[in-house]
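The lines below spell out each chain.
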Amino acid sequence: MRGRAAALAAVPLLLGAASLGAEPMFLSRQYNRCTSCHYSPTGGGLLTPYGRSLSRQELSTTGKTDPSAPPPAKGKGEESFLWGALGDTLAPVDVGIDVRPSHLGLDVGGPSSSSRDFLMTADLLAAWRAHGFTVYGEVGRKPAIGVDDAGIYSYEHWVGYESPRGLGVRVGRFLPAYGIRLADHTAFTRSLLGFDKYDQVYALELSHTGEKHLLQLSLGPGGADAIVHGYPHSFTTSARFQWDLGPRTALVFSGLFRDKTTLVPSNGGGGVGLGIAPTRRLSIWTEADTQFRQGSSGSPAYTLLNETGFEVYRGVWLKLSPQLRTEYGDTSAGVWRWVLEADLLPRTHWNLGLSYYHDKTRATGFVYETLFAQLHLYL
């Protein structure tokens, strides 16, 4: 059985693509940690002032200024909130707006074909940081998912503190630290392990940051949405350890456990990831995970992923990502996926992402293809 999926993806340039959020490909710029550019210790979300400056000076195709020129006044640079129109009016609070309209088409043959435009993200983000403390929050539009209607809500909010010795604590709603946080939240090592875009937990996180390592441990009552809506939820704990072997090499170990609920048996997993950037224009990330579930006989489920990114021109990245997911008890079943992606960063605030997915079920040979486009305007 074979289906073909072709998605005509075109988003008007005036609206605004794949997130500047967590991008492990920037390991090639010797940025091993998410906190180099983001407020969140697990990456994604609001950029720090340094992260915004980096998007202009190092990452975008155009807009780089002369390093010898005097820096703009605080909050006045092109990369600043609303292009610096407000200056430091909101100081000491940093603010951002994240808008990502998208178009997705899927054709699996016959009446199952579909195509739609949707607003993936429209969020307001804010953070305050002083004396080691950080207060962080996001509020915006959540699209309709499953039985939940679209609406306005906050999917990440937390308070954290990091001491001068690198000891940290964070409490609130956030994605727990696990593996490699790719910008593509549909990657098998993210969505299939319970780390999709809206899979945040309410938890306490403890961390220690050193010159060459980062350790993060979290535990809490479970999925944030389940708690908010009164659904069954379970105790969840996770751990992540990153060891920086060099300025362009990182090794990551992760573990996860979720207790049973009235609907889902206890489950968890573990994995290892390796990131290498041989040159300034090339980054290679690989992750392998195993996942267990109470009551499942035979072998556990396995997930394998590689993402190789190459910057063909300043601000133009091409990426190839083969992925494999097996089924519980049957390592010959599951899905093979190939992803081809182009990330274009023409100017600070703008990011255009074009992705092609080729999925093939191993048991039946069913094939479907998807083309997805997203224009991201980050104010």
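Quick summary incoming for the structure in this document. (Residues numbered from 1 in each chain as written. Predicted model: local features only at pLDDT ≥ 70, side-chain atom pairs only at ≥ 80, totals over all residues. Heavy atoms only, no water.)

**Some thoughts on the side chain of Glu156**
In this fold, Glu156 is placed in strand β4 (residues 151-162). Here Glu156 sits buried without a salt bridge, and the closest side chain of opposite charge, Arg170, lies 4.2 Å off (N-O distance). Excluding anything up to four places from it in sequence, Glu156 contacts Ser40, Tyr136, Gly137, Glu138, Arg170, Arg173 and Phe174. (Helix = DSSP H or I, 4+ residues; strand = E, 2+ residues; numbered from the N terminus. Buried < 20%, exposed > 50% of the residue type's maximum accessible area, 1.4 Å probe, protein only. Lys, Arg positive; Asp, Glu negative; His and termini not counted. Salt bridge = Lys/Arg side-chain N within 4 Å of Asp/Glu carboxyl O. Contact = heavy atoms within 4.5 Å.)

**Brief notes about the state of the cysteines**
Counting across every chain of the model gives zero disulfides. Of the cysteine sulfurs around Cys34, a residue in no disulfide, the closest is that of Cys37, at 9.2 Å. Take Cys34: its relative accessible area is 29%, and that puts it in the partly exposed class. Note on Cys37: relative accessible area 14%, which makes it buried. (Disulfide = S-S within 2.5 Å.)

**A closer look at the packing of aromatic side chains**
Counted according to the given criterion, the structure contains seven aromatic pairs. Taking 4.6 Å as the distance between ring centres and 45° as the angle between the ring planes, the aromatic pair formed by Phe133 and Tyr161 counts as tilted. Here Phe133 is found in strand β3 (residues 133-142), whereas its partner Tyr161 is found in strand β4, with 28 residues between them in sequence. Relative accessible area serves as the criterion here: at 40%, Phe133 is assigned to the partly exposed category. Classification of Tyr161 as partly exposed rests on a relative accessible area of 29%. For the pair Tyr153 and Tyr198, a centre-to-centre distance of 6.5 Å together with 45° between the ring planes defines the contact as tilted. Highlighted residues: Tyr153 in strand β4 and Tyr198 in the loop between α2 (188-191) and β6 (201-209), separated in sequence by 45 residues. In this structure Tyr153 comes out as buried when scored by relative accessible area, which is 18%. Residue classification places Tyr198 among the buried residues on the basis of a relative accessible area of 12%. Ring pairing ties together the aromatic residues Tyr153, Tyr155 and Tyr198, which thus form one cluster. (Phe/Tyr/Trp six-rings, centres within 6.5 Å; stacked < 30°, edge-to-face > 60°.)

**Structural notes on the pattern of salt bridges**
All chains considered together, the criterion is met by 12 salt bridges. For Asp359, the salt bridge goes to Arg337, with nearest N and O atoms at 2.9 Å. Residue Asp359 is found in strand β15 (residues 350-361), and its partner Arg337 is found in strand β14 (residues 330-344); the two are separated by 22 residues along the sequence.

**Focus: the nonpolar core**
Within the largest apolar cluster, 18 residues are counted, with the highest numbers of intra-cluster contacts made by Phe26, Leu46 and Tyr136. Counting eight residues, the second largest nonpolar core, distinct from the first, contains Ile180, Ala250, Trp285 and Leu305. (Core = buried A, V, L, I, M, F, W, Y, C linked by side-chain atoms within 4.5 Å.)

**A short note on the side chain of Asn351**
Its location among the elements puts Asn351 in strand β15. Looking at Asn351, its side chain comes within polar contact range of the main-chain oxygen of Leu344, at 3.0 Å. (Polar contact = N/O pair within 3.5 Å; in protein donor to acceptor, adjacent residues only side chain to side chain.)

**Considering the pairing of strand β16 (residues 367-378)**
Both faces of the sheet carry side chains from a regular strand, because those side chains alternate between them. Most of β16 is tucked away: 10 of the 12 residues are buried. As judged from the seven bridges shared by strand β1 (residues 93-106) and β16, these two strands associate in the antiparallel manner. Opposite Leu104, over in β16, you have Phe372 as the bridge partner. Looking at chain direction, β15 and β16 are connected through 11 bridges and run antiparallel. For Ser355, the partnering residue across the bridge sits in β16 and is Phe372. Here β15 folds back onto β16, and the loop between the two strands holds five residues, one of which, Gly365, carries a positive phi near 80°. (Pairing = 2+ DSSP bridges.)

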